[in-house]
Structure formats: C-alpha cells, structure tokens
Amino acid sequence: MQSPMRVTVLMGGVSDEREVSLASGCQVADALRQAGHEVVAVDTVHGPLTRDEEARLLATGVGTRPPTVPSGLTEPTGLVQLEAIAEADVVFPALHGGQGEDGTVQALLDLAGVPYAGSGVLGCSLAMDKDVTKRLLRDAGVRTADWRAGELRSEDILGALSLPLIVKPVAGGSSVHLYLVETEEELGEALAKVSGEVLMAEAFLSGREFTVGVLGEETFPVGEIVPQHRLFDYECKYQPGMAQEIFPADIPESLSEQLRETALTVHRLLRLRDFSRVDFIVDEWGVAWCLEANALPGLTANSLLPKAALAGGVSFPELCDRIVRLAFGDRRRSRG
C-alpha cells in the first residue's frame, strides 16, 4: 500500500470561474481524503477552509451565471508563504481561469520549490491562450476551425469569416463571455460585451461534440456531449439536466481511436502534463476538429474528466490519487 501524503488543494481565485473552482476544489479535497491523504483546502481569496466551510461551499454549488468576482486577493504572491503550502508534499491547483490557470500560480510554486499537480507554466500558458493553441494545432496538422484574434472590428471579421461564428475572449474557459453570432447586428453586440479583452472570432462548427480525458500518457474512453442549448454554454455545463454526457460515446471504434490519439498528440504538443481534457467537434462528413485543450479541467465528481475516468474503470478518489502521485513522483522534472 502506498503511503498517504499531505496535499494542499488550492481553489477559488478571482476569475469568472470562481464558483466552478470552489466546487472542483471541495470535491477534490473530499476525494483525496477518501483515498487516505491528509488534506488542507485553501481558498486563495480567504485562506484555509474548515471542513464546515467546505461543506457549505459544496451545498451552494454553481449558479446559472458566472459570479461577480470578489474583492480580495488580486496578486497570489502570498500563497507561497502559507504554512499549508510550505508543509505540503504536493499542492493540487483546482483553479480555473485567470492566474490559477494561466501559469502565474504555477510559476510561484516552481520558485518556492513545491511539487504541484497538473501542467507547468508553459503548458498552462499555451492552453490558456486559444490563439496560440490554434496556431500550434494548425502547424502540427491538427484540424481546427479558422479564426482571427486581436483587436478586431466587425468589418475585419466579416471580411475573413462567414456567419455564423463564435466570438469569445482569447483567454478564458467555462464558455464565459462566449457568443454565437448569426447576424451583423449580433456581431456588434458581442464585440461590445467582450470589449477590453483580447478577442477571438472563430468559424462556427456544426456537428457532434466529443471530449477525451488524458491522465499521464493514457486516454480515457471518449465522451459525447449533447447540450440542451445550441452551444455547450455555462448553464449547460453546470446545471443538472442541461446536457447529456454520454460515456463511452456511441461511435465506431475507428473514430474513438482517432480522437484518443489526437487528444494525446494535443496534450504533448501543448506541453501539458499529469492530466488534461481535449474537446472536439465531428462534422456531418465525419471530420474531427479540435476545439481546445483544458490544462485544468473541471474536477467535480460530475465533471467530464471524472466521468471519462469512471467509464475507464477509475473512480473519482482513485483519479485524484493518481494525479497527486504523478506530481509527487515527478518532482524532479524540468520546470515549465
């Protein structure tokens, strides 16, 4: 039997995905305790949490819309001074969006010499920047929808892409500020709503949506997502009954193998490590298009990666245990 470890789970943060992170972090902490580890849960805004506070957060759940970001910690430099960080065998960042997923927190942990689960600075940075991700995919021959990114105007977008299309921030997740645009008027409204951020306009792909979870150098069975809305948006992702998530997907073995092989290619291409999730659209002609890769995917027991793991015979506590043991066993790996 392997020895238990002291694990500090980081959650919360100040991004639009704060509620999702709190849900992930509390459930990861519980799963790791079930696996026999000594766990401290830390909200990066308010500090270490008691078990009662964890229970209240779990009961609150994720709302139908992204939360208002709380005032509080805006620079995470104080994290490395926490006793819970210094004494941990492994830190598990269950953070989504912002500084928790763009490599900032990972850089601090590297400087502090603290082993942590998940991708390093480079992997997080590459996966968070969807423009850079798509450039790397294109150059590697992985199909991805045509796009434009930067300081975009309506005329620039319509001169390069056809309607319908997707408008979203270059950096972000959980479909926050993601808009399906079908008219010129809707395009102007979408651009106004995400003003102040680096934008991406992307050709809309119609088809079946699939996801592949990666753990180490393995992939889990492919899952299919069937949302109630036209897009797998924030509400469909986090509200019960708003999407069917079918594991394993009812698809030919040849397509399953293709998606799993491509997911592992993308995982390696973006320098991801320990775990990730890669999403695809397969169009009406059977062509697979990579949507994006998630360096720190959602980790509630009902999230896509844990469901994929369960379809592969791996329970949620075992999944979390394997992630921290990957991180701990690879503490001498090169940073980034």
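Note that the structure is a prediction, hence the values are computed from the model and not measured.

## Overview of the overall build of the chain
Okay, so step 1: Scanning the chain from terminus to terminus reveals 13 helices and 14 strands.
Okay, so step 2: Looking at the chain as a whole, 53% of its 336 residues qualify as buried.
Okay, so step 3: Considering only intrachain contacts with a sequence separation of at least 6, the fraction spanning at least 24 residues in the chain is 69%.
Okay, so step 4: In the structure as shown, the chain presents an accessible area of about 14,900 Å², 48% of it carried by carbon and sulfur atoms.

## Examining the pattern of salt bridges
Okay, so step 1: By the definition in use, this model includes 17 salt bridges.
Okay, so step 2: Among the salt bridges present, the one from Glu224 reaches Arg208, with a minimum N-O distance of 2.7 Å. Of this pair, Glu224 sits in strand β11 (residues 223-227) while Arg208 is found in strand β9 (residues 208-215), placing the two residues 16 residues apart along the sequence.
Okay, so step 3: Glu224 gets classed as buried once you look at its relative accessible area, which sits at 10%.
Okay, so step 4: Each member of the salt-bridge network shares a partner with another, and the members are Lys134, Lys168 and Glu202.

## A word on the sheet that holds strand β1 (residues 6-11)
Two strands in a sheet stick together by hydrogen bonds in their backbones, pointing the same way (parallel) or opposite ways (antiparallel).
Okay, so step 1: The strand order β3-β2-β1-β4 describes an open sheet built from 4 strands, whose pairing is mixed. Bordering the open sheet on either side are β3 (47-48) and β4 (90-93), each of which pairs with just one other strand.
Okay, so step 2: Both β1 and strand β2 (residues 38-43) contribute to a ladder of 6 bridges, which runs parallel. Residue pairing across strands places Val7 opposite Val39, the latter belonging to β2.
Okay, so step 3: Where helix α13 (residues 316-329) meets the sheet, it contacts β1 and β4, and its direction lies at approximately 125° from that of β4.

## As for the nonpolar core
Okay, so step 1: Val9, Val28, Leu32, Phe92, Phe220, Phe275 and Leu319 are the most contacted members of the largest nonpolar core, which totals 35 residues.
Okay, so step 2: Within the residue set of this core, elements represented by two or more residues are β1, α1 (18-34), β2, β4, α12 (304-311) and α13.
Okay, so step 3: Apart from the residues within four sequence positions on either side, Phe92 is in contact with Val7, Thr8, Val9, Leu10, Val28, Leu32, Ala117, Phe275, Leu299, Cys320, Ile323 and Val324.
Okay, so step 4: Core analysis: the next-biggest nonpolar cluster, separate from the first, contains 25 residues, Val212, Val222, Ala263 and Ala293 among them.

## Regarding the environment of Ile166
Okay, so step 1: Topologically, Ile166 is positioned in strand β6 (residues 165-169).
Okay, so step 2: The spacing of Ile166 and Leu205 is 39 residues in sequence and 9.1 Å in space, taken between C-alpha atoms.

## Thoughts on the packing of α1 against α13
Okay, so step 1: Where α1 contacts α13, the axes come no closer than 8 Å and their chain directions differ by 90°. Comparing the axis directions of α1 and α13 gives the class roughly perpendicular. Residues Gln27, Val28, Ala31, Leu32 and Gln34 of α1 lie in contact with α13, whose contacting residues are Phe316, Pro317, Cys320, Asp321 and Val324.
Okay, so step 2: Of the residues contributing to the contact of α1 with α13, the split by class is 7 nonpolar, 2 polar and 1 charged.

## With respect to the sheet that holds β6
Okay, so step 1: On the basis of which strands lie adjacent, the open sheet formed by 4 strands has the order β5-β8-β6-β7 and antiparallel pairing. With partners counted over all chains shown, the strands left at the sheet margins are β5 (147-150) and β7 (179-181), one partner each. Neighbour-to-neighbour, the strand axes of this sheet turn through a mean angle of 20°, independent of strand direction.
Okay, so step 2: As judged from the 3 bridges shared by β6 and β7, these two strands associate in the antiparallel manner. Opposite Leu165, over in β7, you have Val181 as the bridge partner.
Okay, so step 3: Across the sheet, helix α9 (residues 184-193) lies against β6, β7 and β8 (199-203), angled at about 155° from β7, the strand it touches most.

## Observations concerning the pairing of β9
Okay, so step 1: The element β9 is extensively covered by neighbouring structure, given that 7 of its 8 residues are classed as buried.
Okay, so step 2: As paired strands, β9 and strand β13 (residues 275-282) are joined by 8 bridges and run antiparallel to one another. Considered in β13, the bridge of Val212 is made with Val278.
Okay, so step 3: Where β9 lies against strand β10 (residues 218-219), 2 bridges are found, and the strand directions are antiparallel. Opposite Val214, over in β10, you have Thr219 as the bridge partner.
Okay, so step 4: Between the end of β9 and the start of β10, which pair antiparallel, lie 2 residues, with Gly216 showing a positive phi angle near 65°.

## Side note on the side chain of Ser21
Okay, so step 1: Mapped onto the fold, Ser21 is located in helix α1.
Okay, so step 2: In this structure the side chain of Ser21 is engaged in a polar contact, spanning 2.8 Å, whose partner is the backbone nitrogen of Gly12.
Okay, so step 3: Setting aside residues up to four positions removed in sequence, Ser21 forms contacts with Met11, Gly12, Ala94, Leu95 and His96.

Rules and cut-offs
Residues numbered from 1 in each chain as written. Predicted model: local features only at pLDDT ≥ 70, side-chain atom pairs only at ≥ 80, totals over all residues. Heavy atoms only, no water. Helix = DSSP H or I, 4+ residues; strand = E, 2+ residues; numbered from the N terminus. Buried < 20%, exposed > 50% of the residue type's maximum accessible area, 1.4 Å probe, protein only. Contact = heavy atoms within 4.5 Å. Areas by Shrake-Rupley, 256 points an atom, 1.4 Å probe, with all protein chains shown as cover. Salt bridge = Lys/Arg side-chain N within 4 Å of Asp/Glu carboxyl O. Pairing = 2+ DSSP bridges. Axes fitted to C-alpha atoms, helices over the stretch in contact; angles between N-to-C directions. Core = buried A, V, L, I, M, F, W, Y, C linked by side-chain atoms within 4.5 Å. Parallel < 35°, antiparallel > 145°, perpendicular 65-115°, else oblique. Nonpolar A, V, L, I, M, F, W, Y, C, P; charged D, E, K, R; others polar. Polar contact = N/O pair within 3.5 Å; in protein donor to acceptor, adjacent residues only side chain to side chain.

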